[in-house]
Amino acid sequence: MDRSRLLSRASQLAYFTVAWNLIEGAVAIWAGIAAGSDALLGFGLDSGVESLSGTVLIWRLNIERKEIERAEEVEEKALKLIGMTFFALAAFVSYESVTTLLRAEQPEASWVGIGVTTLSLIVMPILARRKEQVGKALASRAVLADSAETWACVYLSAVVLAGLTLNAFFGWWWADPVAALGVVGFLVKEGREAFSDED
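Draft legend 1. Layout of the pattern of salt bridges. Taken as a whole and judged by the stated rule, the model has one salt bridge. For the salt bridge of D146 with K131, the shortest nitrogen-to-oxygen distance reads 2.7 Å. Taken together, the positions of D146 in helix α5 (residues 141-170) and K131 in helix α4 (residues 111-138) put the pair 15 residues apart, joining distant regions of the chain. With relative accessibility at 0%, the residue D146 sits in the buried group. You can call K131 buried: its relative accessible area is 1%.

Draft legend 2. Seen up close, the packing of aromatic side chains. A full pass over the atoms with the stated rule returns five aromatic pairs. With a centroid separation of 5.4 Å and an interplanar angle of 80 degrees, the aromatic rings of W111 and F169 are classed as edge-to-face. Residue W111 is located in helix α4, and its partner F169 is located in helix α5; the two are separated by 58 residues in the primary sequence. Residues W111 and F169 agree in their burial class; the two are exposed. Between W151 and Y155 the ring centres are 6.3 Å apart and the planes differ by 25 degrees, which places this aromatic pair in the stacked class. Of this pair, W151 and Y155 both sit in helix α5, four residues apart, roughly one helical turn. On the basis of relative accessibility, which here comes to 41%, the residue Y155 falls in the partly exposed class.

Reading the values: the criteria
- Residues numbered from 1 in each chain as written.
- Predicted model: local features only at pLDDT ≥ 70, side-chain atom pairs only at ≥ 80, totals over all residues.
- Heavy atoms only, no water.
- Salt bridge = Lys/Arg side-chain N within 4 Å of Asp/Glu carboxyl O.
- Helix = DSSP H or I, 4+ residues; strand = E, 2+ residues; numbered from the N terminus.
- Buried < 20%, exposed > 50% of the residue type's maximum accessible area, 1.4 Å probe, protein only.
- Phe/Tyr/Trp six-rings, centres within 6.5 Å; stacked < 30°, edge-to-face > 60°.

Structure (structure tokens):
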């Protein structure tokens, strides 16, 4: 596959990421607020970060299509912006989860949240793998960083689903904020890698 077709495929995946995550994020944030679930709210905000990452990637790909000589410069800026989104999400999820644990705030069961995280576990791994394939073919660190962020969404989905399920079936309210904290280390790691890839 030639580079122009790979760029087109990467753009299609990025547009899908933005659309999917805007819908997923809106549903998760609504359900998280309704249930008082930090894990679900964090999941919804992660979807917002995914949308931002996808938008940054679309910008980077469009620049390469128009101005080949600027592609490397834009790649560096795209990596930095994607890395910043990891750190922003990690900070927010950490603050909300620790606050919930300290206040012993008990979230309600959220069946909508269980549904949306289960659906995410089906769709996101497929999307992440396709981004990885295209990113490797393009030798694009920005596309690969965006793929890593999609994998972060997969792991967050699994952890949040576990917390929501334990709360819903066993009444383990603390599982919700602990689940939200479970992915923070991964987010920080990916943020650091996005910045180190600039060098």
